[in-house]
Amino acid sequence: MPLAFNSLSHGTIAFGFFNIESDMLLCDRYFFFANDFCSYIGNLAENAGEESYKAFWQVYFIETPEDIGDLAGAIQGNRFDGFLGELYRRFPFPVRSEGFKQKTEGFQTQSHVSEIIAKYARPLEISFSVSSNGREIKIGVYRFNRSQFQKLILYVWRGGYPRWKDEIRPGYVTQMRDNILQNCAGVFESIIFED
């Protein structure tokens, strides 16, 4: 589930997975698939030692909370508003709590999730930048310091809350980690990946 993370620009925001059958992530009102996130971070890792870095990310943007929906209500199965409600109608919360694990094969649902989110969101190209030797990171309108940004990466590495099913990560997550470990400079300085 998404967790609360600190940002420089917006205080506490939600970031993370929100359905165990999908590999989609949210960053407040931006939505994107985890494999894209890992690819973007891998590209950054190739340039981590540079003074600054700029790229563009393709995301879905949902303007209003009503169009996002009520995650708690969707999980409980009693409120199916907005994108999250429709997603949970299609991919309900597991009946048994031991089934609550982020699924490694979540990428296989991307076409279904894309079809659903297209009803509530608009595609948006956002600027992603790292400046001052990795001291400030911008994801669209959201700004993070190095420590805050590394926590987002480590959340994806762990599989968020409730972690990856059977502690097995998708290949794209492992590849992201490997790319970072080849160039632990700038924004990745002092990052520690724990199993």
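These numbers were taken from a predicted model, which means no experiment stands behind them. (Residues numbered from 1 in each chain as written. Predicted model: local features only at pLDDT ≥ 70, side-chain atom pairs only at ≥ 80, totals over all residues. Heavy atoms only, no water.)

1. What about the side chain of S129?
To keep things clear, this is the line we draw: Helix numbering and strand numbering both begin at the N terminus, where a helix is a DSSP run of H or I of at least 4 residues and a strand a DSSP run of E of at least 2. Whether two residues are in contact is decided by their heavy atoms: any pair within 4.5 Å suffices.
Along the polypeptide, S129 turns up in strand β6 (residues 122–131). The residues touching S129, leaving out its near neighbours within four places in the chain, are Y53, K54, E136, I137 and K138.

2. Concerning the sheet that holds strand β8 (residues 142–145)
Defined as follows: Two strands make a pair as long as DSSP finds a minimum of two bridges between them. Axes here mean lines fitted to C-alpha atoms, for a helix over just the part in contact, with angles spanning 0 to 180 degrees between N-to-C directions.
Taken in spatial order, the 8 strands make up an open sheet running β1-β2-β3-β4-β5-β6-β7-β8, and their pairing is antiparallel. The sheet is open, and its two borders are formed by β1 (3–6) and β8, each paired with just one other strand. Averaged over all adjacent pairs, the angle separating strand axes in this sheet is 30 degrees, with direction ignored. Alignment of strand β4 (residues 30–33) against strand β5 (residues 53–61), held across 2 bridges, turns out to be antiparallel. Bridge assignment links F31 to a residue of β5, and that residue is Y60. Strand contacts of helix α1 (residues 34–46): β2 (12–17), β3 (24–27), β4, β5 and β6, with the helix running at about 175 degrees to β5, the strand carrying the most contacts.

3. Notes on the state of the cysteines
What counts here: To count as a disulfide, a pair of cysteine sulfur atoms needs to be within 2.5 Å. Relative accessibility thresholds used throughout: buried, under 20% of the residue-type maximum; exposed, over 50%; partly exposed, between the two (1.4 Å probe, protein chains only).
This model, assessed by the stated rule, comprises 0 disulfides. Free of any disulfide, C27 has its nearest cysteine sulfur in C38, 14 Å distant. Take C184: it sits in no disulfide, and the sulfur closest to it among the cysteines is that of C38, at 15 Å. We classify C184 as partly exposed; its relative accessible area is 34%.

By themselves, these are just geometric observations and shouldn't be taken as functional.
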